[in-house]
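Fold and geometry: a report
Residue-level listing of the chains:
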Amino acid sequence: MLELRDVNASIGIIPILRNLDFFIGAGETVALIGRNGAGKTTLLRTIMGFTKITGEIRFDGRPIGAMPPPARPGLGIGYAPEDRRLFSAFTVEENILLPAQAARLSAEETKRRLDRAYRILPELREMAGRPAGNVSGGQGKMVALARALMLGTKLVMLDEPFQGLAPALAQRYAEALRALRDADRSVTLIITESNPALLRGFADRTLVIERGEVAEGALEPETTPA
Ligand code: ATP
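Since we're looking at a predicted model, the values are computed, not measured.

1. What about the packing of helix α2 (residues 92–102) against helix α3 (residues 107–120)?
At their nearest, the axes of α2 and α3 sit 11 Å apart, and the two run at 135° to each other. Classed by the angle they form, the pair α2 and α3 counts as oblique. Taken as a pair, α2 and α3 cross one another with a handedness that is right-handed. For the pair α2 and α3, contact is made by Glu 93, Ile 96, Leu 97 and Ala 100 and by Thr 110, Leu 114 and Tyr 118, respectively.

Quick look at the structure:
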């Protein structure tokens, strides 16, 4: 579903990523690990279109390298950066429903997706009526995830999702991500993490990035699980 061929990416005139050649299959959960500064965030930003690249990026078989960033979410590519941008005066449920409204989904489709989001993240149902300004950091991340699900996002990219969460909340959020993976193998997850222990036993595959290059874990399409 996501394929990078001989991609080099730079920010301004500074080359950051080199020789990226890998494939990620639909429904895979991939841990993207590497030291601080290795290039994890830049790789996610590259997939979203925020760097200058040479080489080719394909999503669902379609070349997207030249596509402007705002067009990419419409294909099902979602980036949930650490900054979660909730509307604090709106309720949790209103925040979850906003993208559905913006996308003009039918009432039935909206309800179907909302039920699915609540099934995967049950505590959101319990806090549906609370102002989003009153939820904790971990809960806010779940709201952001539910919004991505409402949009029908097929590729969810999370940048250091456990950062800044108390251990119990990080644990709970990791469980929510696992529930998402188990409930819906049509969603592909790429999760960056500088502490690989948090993702052990959960990711299907680990891509290791070192000094701007993928050092380990790049499989060819033929050998990637569907
Ligand atoms: P972290 O875990 O610290 O976020 P990371 O693996 O995500 O690390 P990146 O943020 O992708 O790493 O940074 C990769 C390299 O690119 C670093 O050497 C960084 O200094 C450089 N870099 C990132 N953004 C810019 C920028 N806007 N201008 C110049 N260099 C940048």
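Further notes follow.
2. Digging into the pairing of strand β4 (residues 52–59)
Summarising the sheet, strand β1 (residues 2–11) and β4 pair through 7 bridges and their orientation is antiparallel. Residue Arg 5 lies in a different strand from β4, and its bridge partner there is Glu 56. By the bridge criterion, 2 bridges tie β4 to strand β5 (residues 62–63) in an arrangement that is antiparallel. Considered in β5, the bridge of Arg 58 is made with Pro 63. The hairpin turn running from β4 into β5, its antiparallel successor, is 2 residues long, and Asp 60 in that turn takes a positive phi close to 50°.

The rules behind the values
Here the residue numbers are simple positions, counted from 1 along each chain's written sequence. Totals for whole chains, interfaces and linings use all residues, but because this is a predicted model, local features are given only for residues with pLDDT of at least 70 and pairs of side-chain atoms are given and counted only at 80 or more. Side-chain calculation: all heavy atoms of the structure are included, whereas hydrogens and water are not. Orientation is described by axes fitted as lines to C-alpha atoms, over the contacting stretch for helices, and by angles from 0 to 180 degrees between their N-to-C directions. Numbering of helices and strands starts at the N terminus; helices are DSSP runs of H or I of at least 4 residues and strands are runs of E of at least 2. What sets the label is the angle itself: under 35 degrees gives roughly parallel, over 145 gives roughly antiparallel, 65 to 115 gives roughly perpendicular, and the rest give oblique. Handedness of a helix crossing follows the sense of rotation of the near helix relative to the far helix, less than a right angle counterclockwise being left-handed and clockwise being right-handed. Contacts are assigned to residue pairs that have any heavy atoms within 4.5 Å of one another. For two strands to count as paired, DSSP must find a minimum of two bridges between them.

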